[in-house]
Amino acid sequence: MTCDMVRVEKLDDFLHALSTAQFDAILADYRLPGFTALDAWSALQTTPRRPPFILLSGAIGESAAVEAIKLGISDYLLKDDMGKLAHVIQRAIEVQEAHLAKEHADAELAASERRLAHFADHLQMTIEQERAAIAREIHDDIGGSLAAIKFDLSWLGRHYGDPDALEHIESALGMLQHALGASQRIMLNLRPAILDQGLEAAVDWLAREFERRTGTRTTFRSTLKEAGISKPVQLAAYRTAQEALTNISKHAQCSEVRIELSDAEGVLTLEIADNGRGIQPAEREKPKAFGLKGLQERARSVAGWLDVSSRSGEGTSITLSIPLSPQPAGNLQDVTQ
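Residues numbered from 1 in each chain as written. Predicted model: local features only at pLDDT ≥ 70, side-chain atom pairs only at ≥ 80, totals over all residues. Heavy atoms only, no water.

### Some points on the overall build of the chain
Helices and strands together make up the secondary structure of the chain, namely nine helices and eight strands. What you see for the chain is a C-alpha radius of gyration of 34 Å, clearly larger than the 20 Å of a compact globule of 337 residues, by over 25%. Considered along the principal axes of its C-alpha atoms, the chain spans approximately 115 × 45 × 40 Å. Buried positions account for 35% of the 337 residues belonging to the chain. Considering only intrachain contacts with a sequence separation of at least 6, the fraction spanning at least 24 residues in the chain is 66%. Carbon and sulfur atoms make up 53% of the accessible area of the chain, which totals about 20400 Å². Counting 36 positive and 48 negative side-chain charges, the chain places the centres of these two groups 2 Å from one another. (Helix = DSSP H or I, 4+ residues; strand = E, 2+ residues; numbered from the N terminus. Rg over C-alpha atoms; globule rule 2.2 N^0.38 Å. Buried < 20%, exposed > 50% of the residue type's maximum accessible area, 1.4 Å probe, protein only. Contact = heavy atoms within 4.5 Å. Areas by Shrake-Rupley, 256 points an atom, 1.4 Å probe, with all protein chains shown as cover. Lys, Arg positive; Asp, Glu negative; His and termini not counted. Charge placed at Lys NZ, Arg CZ, Asp CG, Glu CD.)

### What to know about the pattern of salt bridges
The final tally for this structure, using the stated rule, is eleven salt bridges. Salt bridges here are not isolated pairs; linked through shared partners, they connect Arg 221, Arg 258, Glu 260 and Glu 271. (Salt bridge = Lys/Arg side-chain N within 4 Å of Asp/Glu carboxyl O.)

### Here's the deal with a nonpolar patch on the surface
Residues Leu 116, Phe 119, Leu 123 and Ile 127 make up a contiguous nonpolar surface patch of about 380 Å² in total accessible area. With respect to the element layout, Leu 116 can be found in helix α4 (residues 85-159). Among the residues examined, Leu 116 registers a relative accessible area of 52% and is labelled exposed. (Patch = residues over 30% accessible without salt bridge, like charges linked within 9 Å, V, L, I, M, F, W, Y side chains within 5 Å.)

### Notes on the packing of aromatic side chains
Note on aromatic pairs: each is described by the distance of the centres and the angle between the planes. Per the counting criterion, the structure on display carries one aromatic pair. On the numbers, 5.4 Å between centres and 70 degrees between planes, the contact of Trp 41 with Phe 53 is edge-to-face. Taken as a pair, Trp 41 in helix α2 (residues 37-44) and Phe 53 in strand β2 (residues 53-57) lie far apart in primary sequence, twelve residues in all. Just as Trp 41 is buried, Phe 53 falls in that class too. (Phe/Tyr/Trp six-rings, centres within 6.5 Å; stacked < 30°, edge-to-face > 60°.)

### Points about the sheet that holds strand β1 (residues 26-29)
Spatial ordering of the open sheet is given by β1-β2-β3, a layout of three strands whose pairing is parallel. Taken across any chain shown, the strands that pair with only one partner, and hence form the sheet edges, are β1 and β3 (75-78). Ignoring strand direction, the axes of neighbouring strands in this sheet form an average angle of 25 degrees. (Pairing = 2+ DSSP bridges. Axes fitted to C-alpha atoms, helices over the stretch in contact; angles between N-to-C directions.)

### Concerning the pairing of β3
Residues Asp 75 and Leu 77 of β3 are buried on one face, while the alternating residues Tyr 76 and Leu 78, pointing to the opposite face, are not. Across four bridges, β2 lies against β3 in parallel orientation. Across the sheet, residue Leu 56 finds its bridge partner in β3, namely Leu 77.

### Description of the packing of helix α1 (residues 11-20) against α2
For the pair α1 and α2, interaxial distance at closest approach is 11 Å and the crossing angle is 40 degrees. Handedness of the α1/α2 crossing: right-handed. On α2, the residues that touch Leu 11, Phe 14, Leu 15 and Leu 18 of α1 are Asp 39, Ala 40, Ala 43 and Leu 44. Residue classes in the contact of α1 with α2 are distributed as seven nonpolar, no polar and one charged. (Left-handed = near helix turned anticlockwise from the far one by under 90°. Nonpolar A, V, L, I, M, F, W, Y, C, P; charged D, E, K, R; others polar.)

### Re α1
What α1 keeps buried is the set Phe 14, Ala 17 and Leu 18. In a view along the axis of α1, the buried residues occupy a sector of 100 degrees, so they form one face of it. Turned more than 90 degrees from where α1 packs its buried face, Asp 12, His 16, Ser 19 and Thr 20 sit exposed. Where α1 is buried, its residues meet β1 and α2. (Arc of directions from axis to C-beta.)

Here it is in structure tokens:
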């Protein structure tokens, strides 16, 4: 092995050498008159990129060598085996390079996850904005037009006595009332204005509507005490309950649903549980199974987390937890107004 070596015998010289040059490896005698290898190792901790540190000794015991390795020292070599030095240095350098490569990859992965989280926040915000815009269009344009048509049909019904015409008018009024109900239901799903009455009222409404629509027995219990829950947190909890109930109606095949809402110990907790068939492991790992993944990302957007517990034939429980103190600084803006 061809190499350039710098030899130091004092700790100050060692630190000076580190500050003035880049080294591929450090060879340290266990004990020198001026300082020890462990002194050098401690001093090395302030160096941003530490080179491999190899301990050399003629008298170190095995227990001392093991302790040195536990501290993070790369390797050690007895002076009786100096013929292996080149191999030990090469291996230490390779391990160091692999470690640095892993650190770089981990940093890139963390940065990528942060970018993905920011993108998910932006996507959720955009979706909510679009939902709010569509709900306003339905309310202002379609809802207004349907209401005007209803008034006109009612006027015709009062002023025309022809039985056939009245029958058609009554039929049209019935269909129109159905269309008005559908538009109101769509608006509530798109823009949860009921959140203006509070999260408890909104989730209670979801539970009653789910029971009415599906015939599935649904119980809702709330011990919510916190009044000043932020809009983004309320919206995250509402959408979680909404998505969970939608999934239950599609897949659970259950006879009972239980919803619990609380804010004990400064954490908003929403649990939706059913007694259905459960979620199969293969279903949760499907590439296009975005429902639960979307809920997890929504929870992260308000500094919360989502737990899913499911056993085949015994039902599924979805639990959303969001710290309330201090209020999470999520990126999801209030777009429900």
